Amino acid sequence: TGFDLIIRNGTVVTASDTMLCDVGIRNGKVVALADKLGTAAREIDATGLLIMPGGIDSHVHLAQPTSDGSVMADDFESGTRSAACGGNTTVIPFSLQERGTSLLKSVEEHHQRAKGKCYIDYALHAIITDPTPQALEKELPQVVQGGVTSVKIFMTYQDMALNDAEIFKVMEATRREDALTMVHAENFDAIQQMTERLERAGQTGPRGHAESRPIVVEREATHRAISFAELVDVPLFVVHVSGGDVIEQIEWAKRRGLPIYAETCPQYLTLTAEDLDNANMEGSKYVCSPPPRDKANQKACWDALARDVFSTFTSDHCPFIYGSDTGKKKAGADASFKYVPNGIPGVETRLPILFSKGVSEGRISLNQFVALSATNHAKVYGMYPQKGTIAIGSDADIAIWDPHKRVTISQSMLNHNCDYTPYEGMELKGYPVTVISNGEVVAENGRPVGSAGKGKFILRGKSSLVPSRHPFEA
Ligand code: DUC
Ligand code: ZN
Ligand code: ZN
Ligand code: ZN
């Protein structure tokens, strides 16, 4: 009756509780939580350390195809390796349906890109860019049946933006299939007009990216998406919220009793538009959408995290290599900002940044950290309690943290395939020291242990945000 692994003498932290006890693991599951457990094949002494659910990063982009000649720096192997080293045990990347192609096939192709390459478990979201009757009526039910129970839509980008009618139709379909709708809320036409104006003024450096999409662009689209969700009667998840005016929209909706939820990301807590403000292309290292705003908006995001306005905290890891002609400088070293691929790396630094700036500096509690880093992701995306907590019967996905460990972020310590980090030089207090996926150590002191391939696909159920309806209410 021994265990495969016992983690001894640590402080177990969940979204609701903090307790001193041992954790007993057998066959990849947590099977005992008690004082002084018996014997195990392997033991880890966690004296003075925190034992938390492994992080779930429910917004990452790995090996996602693009339509502009750029190439994402991380595939499923390097992306999950980097994730594991940063304290994560599950990621949810996006499969992308490109216009004119099959939704179902796009999901199947992304499965193939992931298969056998992952260090940790993964699930998938589906991006819909071509909401044909075939996609919504024939394929979406199969996609959902296959455990891909969330759909992201875009309100911007040339090859991705849906018009209002299409947004409405996707919401009707997700309502029918009990899937969760996620939205990238920025007004495409407004961005285009602003971009043309900046080009006429010769302001085409990376800073122009932020100037072309000020927060009103995001606020308007967020309000519109909320309004459609209200009309169609579906819950809505607003991704990568960047600042106060958008948070106001989310809280306005919540006050009205609407099922509107949102996430924010490290870049909106720590970067500003000034980081894009470089005469040379260095500023392109911070080009992501929505763009980082200013100090006041950083504070608005922190305050909203502290009062539980955001359900989750994600990286939006979307890496492009700076020194590559398929990366940030793909259109040349002085090309207009509009040719710079949008996205920054961050899957490995997400949790250390939230822990250090959030918990260590007293902005959020340890239990909030667990909710924002893991538990709420599992609930929102239909994986709870298999994932997202430490409880009897849950997968043994655990990150052991040293809350006192001091680390200065540098590109040289990271395990992604990107060639820079936007957080270079940031000083942190608190870092994951041992990361366990399904009962096996996958990372230690920021380095991978073992090899890729054991991570498996998680077939997700219905989101906790999607209501159960009586048949007569359909
Ligand atoms: N939206 C994302 O969610 N990720 C990267 C780029 C983008 O626009
Ligand atoms: Zn987006
Ligand atoms: Zn994203
Ligand atoms: Zn009812």
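In this text the structure is predicted, and so the values were computed from the model without any measurement.

Student: Would you mind going over the overall build of the chain with me for this structure?
Tutor: Check the secondary structure of the chain and you find 12 helices and 20 strands. A principal-axis box enclosing the C-alpha atoms of the chain has dimensions of 70 × 60 × 40 Å. Expressed as a percentage of its 474 residues, the buried residues of the chain come to 60%. The long-range fraction of contacts in the chain, counting pairs at least 24 apart against all pairs at least 6 apart in sequence, stands at 79%. One finds the centroid of the 48 positive side-chain charges in the chain at a distance of 2 Å from the centroid of its 58 negative side-chain charges.

Student: What exactly am I supposed to notice about the sheet that holds strand β4 (residues 22-26) here?
Tutor: To summarise the sheet geometry, strands pair through backbone hydrogen bonds and adopt either a parallel or an antiparallel arrangement. With mixed pairing, the four strands of this open sheet are ordered in space as β5-β4-β1-β6. The open sheet has two edge strands with one neighbour each: β5 (29-34) and β6 (40-45). The sheet shows a mean angle of 20° between the axes of neighbouring strands, taken without regard to direction. Relative to β6, strand β1 (residues 3-8) runs parallel, the two being bridged by five bridges. By the bridge assignment, Phe3 is partnered in β6 with Ala40.

Student: What exactly am I supposed to notice about helix α1 (residues 76-85) here?
Tutor: Because each turn of an α-helix spans 3.6 residues, side chains separated by three or four positions in sequence point in the same direction. Among the 10 residues of α1, nine are classified as buried, and the element is accordingly described as predominantly covered. Taken together, the buried positions of α1 are Phe76, Ser78, Gly79, Thr80, Arg81, Ser82, Ala83, Ala84 and Cys85. Contacts made by the buried residues of α1 are with β9 (88-96), α2 (103-114), β10 (121-122), β18 (427-437), β19 (440-444) and β20 (447-448). One or two steps after α1, the chain reaches Gly87, where phi turns positive at roughly 95°.

Student: Would you take a moment to explain the coordination of the zinc ion (ligand 3) for this structure?
Tutor: Note on metal geometry: ideal angles are 109.5 degrees for four donors arranged tetrahedrally and 90 or 180 degrees for six donors arranged octahedrally. Around the zinc ion (ligand 3), the donor atoms from the protein are His59 (NE2), His61 (NE2) and Asp316 (OD), and they sit 1.9 to 2.0 Å away. The sequence pattern describing where the donors of the zinc ion (ligand 3) fall on their chain is H-x1-H-x254-D. Here the zinc ion (ligand 2) and the zinc ion (ligand 3) are spaced 4.1 Å from one another. Here His59 falls in the buried class, since its relative accessible area comes to 0%.

Student: Can you help me understand the site of ligand 1 in this one?
Tutor: In the vicinity of ligand 1, the residues found are His59, His61, Lys152, Tyr157, His184, His240, Ser289, Asp316, Cys318 and Asn342. The contact in question runs from a nitrogen atom of ligand 1 to an N or O atom on the side chain of His184, over 3.2 Å. His240 has a polar side-chain atom sitting 3.2 Å from an oxygen atom of ligand 1. About the coverage of ligand 1: the protein hides 95% of its 240 Å² of free accessible area.

Student: Looking at this structure, I do not really get the sheet that holds strand β7 (residues 50-53). What am I missing?
Tutor: Read from one edge to the other, the open sheet built from seven strands follows the order β3-β2-β7-β17-β18-β19-β20, with strand pairing classed as mixed. Single-partner strands in this sheet number two, and they are β3 (18-20) and β20. Against the sheet, helix α11 (residues 350-360) touches β7, β17 (398-408) and β18, its axis set at about 130° to β18.

Student: How should I be thinking about the packing of helix α8 (residues 244-255) against helix α10 (residues 295-306) in this particular structure?
Tutor: Think of two packed helices as two axes; the pair is described by the angle between the axes and how far apart they sit. Close contact between α8 and α10 brings their axes to 8 Å; oriented N to C, the two are set at 30°. What the angle tells us is that α8 and α10 run roughly parallel. Listed contacts from α10 to Gly244, Asp245 and Ile247 of α8 are Asn297, Ala300, Cys301 and Ala304. Class assignment of the residues belonging to the contact of α8 with α10 gives a composition of four nonpolar, two polar and one charged.

Student: Would you mind showing me how to read the packing of aromatic side chains here?
Tutor: For any pair of aromatic rings, the description rests on two quantities: the centre-to-centre distance and the angle between the ring planes. Counted by the stated rule, this structure contains eight aromatic pairs. Aromatic side chains Phe76 and Tyr122 sit 5.8 Å apart centroid to centroid with 65° between the ring planes, which places their arrangement in the edge-to-face category. Of this pair, Phe76 sits in helix α1 while Tyr122 sits in strand β10; the two residues are 46 residues apart in sequence, bridging distant segments of the chain. By relative accessible area, which is 5% here, Tyr122 ends up buried. Seen from the ring of Tyr322, Lys285 lies directly overhead, with NZ or CZ sitting 4.7 Å from the centre.

Student: Is there a simple way to think about the nonpolar core in this case?
Tutor: Burial of nonpolar side chains together is a common tendency in soluble globular proteins. With 103 residues, the main nonpolar core has Leu236, Ile260 and Phe369 as its most contacted residues. Examining the composition of this core, we find that seven residues originate from one element, helix α7 (residues 215-232), more than from any other. Dropping the residues within four chain positions of it, Ile260 is found in contact with Ile226, Ala229, Leu236, Val238, Ile250, Ala253 and Lys254. The next biggest cluster of nonpolar side chains, apart from the first, holds 21 residues, and it includes Met160, Ala378, Val380 and Ile458.

Student: What's the story with the pairing of strand β8 (residues 55-60) in this structure? I'm lost.
Tutor: For a regular strand, side chains alternate in direction, first toward one face of the sheet and then toward the other. Most of β8 is tucked away, with six of its six residues classed as buried. Taken together, the four bridges between β8 and β9 define a ladder with parallel strand orientation. Of the residues in β9, the one forming a bridge with Gly55 is Asn88. With respect to chirality, the unit in which β8 leads through α1 into the neighbouring parallel β9 is right-handed.

Student: Hey, could you run me through the pattern of salt bridges in this one?
Tutor: Opposite charge on two side chains makes pairing possible when the charged atoms of those side chains draw close. Scanning all chains against the criterion turns up 29 salt bridges. Taking the shortest distance from any N to any O, the salt bridge between Arg307 and Glu251 comes out at 2.6 Å. A residue pair is termed long-range when its members are at least 10 positions apart, and Arg307 in the loop between α10 and β16 (312-313) and Glu251 in helix α8 qualify at 56 residues. Classification of Arg307 by relative accessible area gives partly exposed; the value is 44%. Residues joined by salt bridges that share partners form a network here, namely Lys29, Asp121, Lys387, Asp395, Asp397 and Lys456.

Each value, and the rule that gives it
- Every chain is numbered on its own, with residues counted from 1 as its sequence reads.
- To read the labels, note that chains go from A and ligands from 1, taken in the order they are written.
- Per-residue local features are limited, in this predicted model, to residues with pLDDT of at least 70; the limit for side-chain atom pairs, both in listing and counting, is 80 or more; totals at the level of whole chains, interfaces and linings are taken over all residues.
- Hydrogens are left out, water is left out, and the side-chain values use all remaining heavy atoms of the structure.
- What counts as a helix is a DSSP run of H or I of at least four residues, what counts as a strand is a run of E of at least two, and both are numbered from the N terminus.
- Burial here depends on accessible area, computed with a 1.4 Å probe over protein chains only, as a share of the maximum for the residue type. Under 20% is buried, over 50% is exposed, and the range in between is partly exposed.
- Any two residues whose heavy atoms approach within 4.5 Å at even a single point are treated as in contact.
- Neither His nor the chain ends contribute to the count of charged residues, in which Lys and Arg are positive and Asp and Glu negative.
- Lysine's charge is taken at NZ, arginine's at CZ, aspartate's at CG and glutamate's at CD.
- Two strands are said to pair when DSSP picks up at least two bridges between them.
- Every axis corresponds to a line fitted to the C-alpha atoms, with the helix fit spanning only the stretch in contact, and the corresponding angles, defined between N-to-C directions, vary from 0 to 180 degrees.
- As a rule, N, O and S atoms within 2.8 Å of a metal are its donors, except that Na, K and Ca use 3.2 Å; water is not among the atoms, so sites may look incomplete.
- We define proximity as follows: a residue is near a molecule or strand when any one of its heavy atoms falls within 4 Å of that partner.
- Throughout this description, a polar contact denotes any pair of N or O atoms lying within 3.5 Å of each other; where both atoms belong to protein, one of them has to be capable of donating a hydrogen while the other can accept it, and for residues adjacent in sequence the pair is counted only when both atoms sit in side chains.
- Surface exposure here means Shrake-Rupley accessible area, sampled with a 1.4 Å probe, where a residue is shielded only by the protein chains that are shown.
- Roughly parallel here means an angle under 35 degrees, roughly antiparallel means over 145, roughly perpendicular means 65 to 115, and every remaining angle is called oblique.
- Residue polarity follows a fixed list, in which Ala, Val, Leu, Ile, Met, Phe, Trp, Tyr, Cys and Pro are nonpolar, Asp, Glu, Lys and Arg are charged, and the others, Gly among them, are polar.
- Aromatic contacts are taken between Phe, Tyr and Trp rings whose centres are within 6.5 Å, Trp giving its six-membered ring; a plane angle under 30 degrees counts as stacked, one over 60 as edge-to-face, and the others as tilted.
- For a Lys NZ or an Arg CZ to count as sitting over a ring, it must be within 6 Å of the ring centre and within 35 degrees of the ring normal.
- Nonpolar cores were defined as sets of buried Ala, Val, Leu, Ile, Met, Phe, Trp, Tyr and Cys residues, with membership established by side-chain atoms within 4.5 Å.
- By convention, a crossover is right-handed whenever its connection, traced from the first strand over the helix to the second and viewed with the strands pointing away, goes clockwise.
- Every case where a carboxyl oxygen of Asp or Glu lies within 4 Å of a side-chain nitrogen of Lys or Arg is listed as a salt bridge.

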